[in-house]
Amino acid sequence: MKRPTIADVARRAGVSKGAVSYALNGQPGVSEATRQRILAIAAEIGFSPSSAARALSGATADAVGLALCRPARILGIEPFFMELISGVEAELSARSYALTLQVVADQEAEIAVYRRWWAERRVDGVLVCDLRTDDIRVPALEGLQLPAVVIGGPGHTGTLASVWSDDAAALAETVEYLVALGHRKIARVGGLPSLRHTEIRTDAFAEVCGRLGLTEAATVWSDYTGEEGARATRRLLSSAQRPTALIYDNDVMAIAGLSVAQEMGLGVPADLSIVAWDDSPLCQLVHPPLTALSRDIPAYGANAARQLLAVIAGEPVGGLQDETAHLTPRGSTAPPRPR
C-alpha cells in the first residue's frame, strides 16, 4: 500500500489540500469543527507530514532530542541514565511528545547532531546532559536558538534553562556521617573529572574533609564502569594508608568495590564502609546492602522534560533546583574496627 498523502485526506474530508494543511499545522483558515474532522481522518488513515514538509511549513515536530556523549556499553549498565530517561519519557508521553535518542562520540559530533535536528525540524528542543565547565555546547545552542534545558549546574549554563541538584550538600552530609561513625581515613572514587558535577563533588569533598581535619582524604578518578571502579578500589585498599571508608560516584563502581573488598578478605562493614551515589535497586540486591545517596531520578528526568516543554512553549524558564540526594544508611557502613 502506498503512503497516505495530503490529497487522500482532502478527498475524504471533502475540502481542499490547503484546508488540510491549515488544520494539520494549527493555522487559521478553517473552523474548529473542520479542523477536528481533518485531524481525525488523518489519524484514521495514518497520514503524517514528512519532516521536509514540516520544516517548510514551520510546524512542530512533537519530539525532544537527547544526544549522549557516553559509550553505549556504559549507558547499558548504568541505572542512572535508564531511570532518568524513564522519567523524561513519562512526562513526554503524557503530552504526546516523542524522545529522539542518539549516542555521539564527542561534543563536536553532538553539536552537529543539534544542527541537523534543528535544520530538519526533527525536534522542537533538546535536553543536555554531562555539563562541563566552559561547555562549548552552551554557546552553540544559544547561537542556534534551539530550545534547550541543561540537566546539571548550577552555573555554566549561559542563558539556557537548567535543572540541577545540590551535590555539594549531599557529599558533605555523607562525609559528616562517616566521621560521626568514627572514620578518619576516607577516600572517594570519582567519575569522569571533566564533568561539572564531578568537579562540584571533588571541591565539596576537599572542603568538608579540610574542615573536619581529615588530612589523609583522597579522590581517585574512574569512568563509572565496574572495571575501572574495581581497579581504583584495589589501588586504594593495597596502599599503606588503607582507607576505612570509600565513597563512590555511582552504584556500579560501588558494587564492584564491594566485590574487590571481599576478594581481598576485608569485611564490609567491619574493615571497610562503602557508600554509593544514586540508590538504584542494585544497591539492595547485594550483601550487605549498600548505604546510598538516594533521590527520585525519574522525577528529576520528568522535571527536566517539563522545563523543556515550557521553553518550547515560549514561557520564561530559569534554573530549577531539584531534590537534594539524602543519605540512606544500610548494612555497608558501621564504625571502623580498631586496628
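Structure's up top.
Residues numbered from 1 in each chain as written. Predicted model: local features only at pLDDT ≥ 70, side-chain atom pairs only at ≥ 80, totals over all residues. Heavy atoms only, no water.

In the contact formed by helix H1 (residues 6-13) and helix H3 (residues 32-45), the axes pass within 10 Å of each other and the chain directions differ by 125 degrees. Considered as vectors, H1 and H3 are oriented oblique to each other. By crossing handedness, the relation of H1 to H3 is classed as right-handed. Residue-level inspection shows Asp8, Val9, Arg12 and Ala13 of H1 in contact with H3, the latter providing Arg37, Ile38, Ile41, Ala42, Glu44 and Ile45. Class assignment for the residues of the contact of H1 with H3 results in 6 nonpolar, no polar and 4 charged. (Axes fitted to C-alpha atoms, helices over the stretch in contact; angles between N-to-C directions. Helix = DSSP H or I, 4+ residues; strand = E, 2+ residues; numbered from the N terminus. Parallel < 35°, antiparallel > 145°, perpendicular 65-115°, else oblique. Left-handed = near helix turned anticlockwise from the far one by under 90°. Contact = heavy atoms within 4.5 Å. Nonpolar A, V, L, I, M, F, W, Y, C, P; charged D, E, K, R; others polar.)

Here we come to the packing of aromatic side chains. Tallied over the full model, the rule gives 2 aromatic pairs. On the basis of an interplanar angle of 80 degrees and a centroid distance of 5.3 Å, the ring pair of phenylalanine 80 and phenylalanine 81 is categorised as edge-to-face. Per residue, the accessibility class of phenylalanine 80 equals that of phenylalanine 81, and both read buried. The ring of tryptophan 277 has arginine 201 lying over it, and the distance from NZ or CZ to the ring centre is 3.6 Å. (Phe/Tyr/Trp six-rings, centres within 6.5 Å; stacked < 30°, edge-to-face > 60°. Buried < 20%, exposed > 50% of the residue type's maximum accessible area, 1.4 Å probe, protein only. Lys NZ or Arg CZ within 6 Å of the ring centre and 35° of its normal.)

Within the element layout of this structure, glutamate 91 appears in helix H6 (residues 79-94). Non-local contacts of glutamate 91, meaning those with residues more than four positions away in its chain, are made with Ala302, Ala305 and Arg306.

As a further point, take the sheet that holds strand E10 (residues 291-294). Pairing in this open sheet of 6 strands is mixed, and the strands run E7-E6-E8-E9-E10-E12 from one edge to the other. The open sheet has two free edges, formed respectively by strand E7 (218-221) and strand E12 (326-328), since each of these has just one partner strand. On average, each strand axis in the sheet is tilted by 20 degrees relative to the strand beside it, whichever way the strands run. Relative to strand E9 (residues 273-277), strand E8 (residues 245-248) is paired through 4 bridges, and the arrangement is parallel. By the bridge assignment, isoleucine 247 is partnered in E9 with valine 275. (Pairing = 2+ DSSP bridges.)

A word on the pattern of salt bridges. Counted under the stated rule, the structure contains 17 salt bridges. For arginine 196, the salt bridge goes to glutamate 199, with nearest N and O atoms at 3.3 Å. Residue arginine 196 and its partner glutamate 199 are both found in helix H10 (residues 196-211); the two are separated by 3 residues, about one turn of the helix. A residue is classified by how much of its surface remains accessible, and arginine 196, at 15% relative accessible area, is buried. Across the pair aspartate 271 and arginine 337 runs a salt bridge whose closest N-O atoms are separated by 3.2 Å. Of this pair, aspartate 271 sits in the loop between helix H12 (251-263) and E9 while arginine 337 is found in the segment after E12, placing the two residues 66 residues apart along the sequence. Here the salt bridges do not stand alone but share partners, grouping Asp167, Arg188, Arg201 and Asp249 into one network. (Salt bridge = Lys/Arg side-chain N within 4 Å of Asp/Glu carboxyl O.)

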